[in-house]
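The primary structure of each chain is shown beneath.
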Amino acid sequence: LIEDIIAREILDSRGNPTVEVEVYLSNGQHARAAVPSGASTGSKEAVELRDGDKHRFGGKGVLQVVQHIEEIIAPDLQDLDVRDQKAIDDTLIGLDGTENKAKLGANALLGVSMACARAAADYCDLPLYAYLGGPGATRLPVPCFNVLNGGVHAHWQGADFQECMLVPYGAASFREALRWGAEIYHALQSILLEKHLSVGVGDEGGFAPAVKSNHESYDLLVDAIRRAGFEPGRDCGIAIDPASSEFFKEGKYQLHTENRALSSAEMVDYYAEIVANYPVVLLEDGLAEDDWESWKLLNEKLGGSIELVGDDIFCTNPKIIAKAIEDNIANSTLIKLNQIGTVSETIAATRMAQFHGWGAFVSHRSGETTDDFIADLTVALDTGHLKSGAPARGERVAKYNQLLRIEEELGTAATYAGKQAFVRGVR
Ligand code: PGA
Ligand code: ZN
């Protein structure tokens, strides 16, 4: 039974405050969880509540959230069975009472929801992935390493496109994929140094060179894959998250690095050309969240050959994903716990996508902590792929290193998802 819940304000990877929660059980066990925070957020995300007191952390403090957890949530969850995640999450949603979790804050709800799941797993003496996913949760995901950071994650000093990812699907195991990722990351670093480009990194640990076009980013990736001794396309592919809502202004996509603005249809052609020339397997947020109708065109042109993921446009929201499936505008959804605010709703969003043959791509946020919850979540939900930034920086590798431990623990039962994890069309 849940005995007590406490919370505190800690720092995230960008030096901004976030909330950490501890759940204490009546048998003396306890578990902890911390909440991440995005920068390129979708407008329909559950509300991340901040104090707004400009004298503390520029208004970003979360003391109110801490208070909500300790004074409103904790008394209500007291004596509930910690294994009843649905009842816990329903209570949280009921206590908040708003559609977008604006009253108590999605950061308050999520911290409690995650810590309870972890406490329940400990109570059942199961690893979190097995507690959430059952005995069939044995498939390790393909890690998508964001090695080139741009857009808002590099304060527009680098490429327009926010993320260029390495996808080592050809490896035989997760462990091998992680090694390949690190080796290619270092090869990329040496190429950048040779070209006198910056090797400073962005929010997710990837390099943020001032490239002259978005294509240059893919050339750099292909060169790095080769330099490290791998074959682009066979061993390692590329995934892209332009986070295009960030540069969609007045109905056009404003490509700053190339000094031109494209219409939605031109943008689709732009991607088609990239897909034709580079080993791209996944495109996330290729079009903006306010450009729903054009997503249909994107899906018509590219949905049969690559995975098209919606992030800002779906916000891990089962209701929006249901509409997207009905309208057939993509074939995959990003999964971010804090976009929706509870573990149960995150699982529901994933299951809905998978039930319709869609992909579900588990993701960290650009503002992270060393909490590794999503590593277990991706195995539990058998999503086959996740993104957690570069194979560098503590808060990024915390997730990858936890996946190494999971693979080791599963032993011969472990499998590696490989290229088939990437959805094309509808299965
Ligand atoms: P965010 O970026 O965490 O800043 O929202 C991640 C993404 O767009 O996928
Ligand atoms: Zn995204």
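The structure under discussion appears in the preceding block.
All values derive from a computational prediction rather than experimental measurement.

### Regarding the pairing of strand 13 (residues 332-335)
Move 1: Where burial is concerned, the two faces of strand 13 agree: the one with Ser332 and Leu334 and the one with Thr333 and Ile335 are both buried.
Move 2: Pairing geometry for strand 12 (residues 307-310) and strand 13, over two bridges, is parallel. Residue pairing for strand 13: valine 309 is matched across the bridge by serine 332.
Move 3: As a crossover connection, the stretch from strand 12 through helix 9 (residues 318-327) into strand 13 is right-handed.
Move 4: Of the pairings in the sheet, the one linking strand 13 to strand 14 (residues 359-363) comprises four bridges and is parallel in character.

### Topic: the nonpolar core
Soluble, globular proteins show a tendency: their nonpolar side chains are buried together.
Move 1: Counting residues in hydrophobic clusters, the biggest one holds 141 residues, and the most contacted among them are Ile69, Ile73, Phe161, Met267 and Phe314.
Move 2: Beyond its immediate stretch of four places on either side in the chain, isoleucine 73 contacts His68, Leu92, Leu95, Leu104, Ala108, Leu109 and Val112.

### A closer look at the packing of helix 12 (residues 373-380) against helix 13 (residues 394-410)
Move 1: The geometry of helix 12 relative to helix 13 is characterised by a closest axis approach of 8 Å and an angle of 50° between their N-to-C directions. Relative to helix 13, the element helix 12 is oriented oblique. Pair helix 12 / helix 13 crosses with right-handed handedness. Touching Ile374, Ala375, Asp376, Thr378 and Val379 of helix 12 are Lys399, Gln402, Leu403 and Ile406, all from helix 13.
Move 2: A per-class count over the contact of helix 12 with helix 13 returns five nonpolar, two polar and two charged.

### Considerations on the site of ligand 1
Move 1: As a matter of local geometry, ligand 1 sits amid 15 residues, with Ala39, His153, Arg365, Ser366 and Lys387 nearest to it.
Move 2: One of the side-chain N or O atoms of glutamine 162 is found 2.9 Å from an oxygen atom in ligand 1.
Move 3: One of the side-chain nitrogen or oxygen atoms of aspartate 311 is found 3.1 Å away from an oxygen atom of ligand 1.
Move 4: For ligand 1, whose unbound accessible area comes to 280 Å², protein coverage reaches 100%.
Move 5: A breakdown of the residues in the shell around ligand 1 according to their chemical character gives two nonpolar, five polar and eight charged.

### Some remarks on the side chain of glutamate 45
Move 1: Relative to the helices and strands, glutamate 45 resides in the loop between strand 3 (30-34) and helix 1 (63-77).
Move 2: A polar atom in the side chain of glutamate 45 sits 3.2 Å from the side chain of glutamine 339.
Move 3: A distance of 3.1 Å separates a polar atom in the side chain of glutamate 45 from a polar atom in the side chain of arginine 365.
Move 4: Contacts of glutamate 45, omitting those with residues within four sequence positions, involve Cys315, Gln339 and Arg365.

### Let's talk about unusual backbone geometry
Trans peptide bonds make up the majority, and among non-glycine residues the majority have a negative phi.
Move 1: You will see that lysine 101, though not glycine, has its phi angle at about 60°, which is positive.
Move 2: With respect to the helices and strands, the residue lysine 101 is situated in the loop between helix 2 (85-96) and helix 3 (106-123).
Move 3: By relative accessible area, lysine 101 is classed as buried at 5%.
Move 4: A positive phi angle, near 55°, is found at threonine 316, a position not held by glycine.
Move 5: For threonine 316, the location among the structural elements is in the loop between strand 12 and helix 9.
Move 6: Threonine 316 sits in the buried class, given a relative accessible area of 0%.

What counts, and at which threshold
- Residues numbered from 1 in each chain as written.
- Chains lettered and ligands numbered in written order.
- Predicted model: local features only at pLDDT ≥ 70, side-chain atom pairs only at ≥ 80, totals over all residues.
- Heavy atoms only, no water.
- Buried < 20%, exposed > 50% of the residue type's maximum accessible area, 1.4 Å probe, protein only.
- Helix = DSSP H or I, 4+ residues; strand = E, 2+ residues; numbered from the N terminus.
- Pairing = 2+ DSSP bridges.
- Right-handed = clockwise from strand over helix to strand, strands pointing away.
- Core = buried A, V, L, I, M, F, W, Y, C linked by side-chain atoms within 4.5 Å.
- Contact = heavy atoms within 4.5 Å.
- Axes fitted to C-alpha atoms, helices over the stretch in contact; angles between N-to-C directions.
- Parallel < 35°, antiparallel > 145°, perpendicular 65-115°, else oblique.
- Left-handed = near helix turned anticlockwise from the far one by under 90°.
- Nonpolar A, V, L, I, M, F, W, Y, C, P; charged D, E, K, R; others polar.
- Near = heavy atom within 4 Å.
- Polar contact = N/O pair within 3.5 Å; in protein donor to acceptor, adjacent residues only side chain to side chain.
- Areas by Shrake-Rupley, 256 points an atom, 1.4 Å probe, with all protein chains shown as cover.

Any link to function would need more than the numbers given here.
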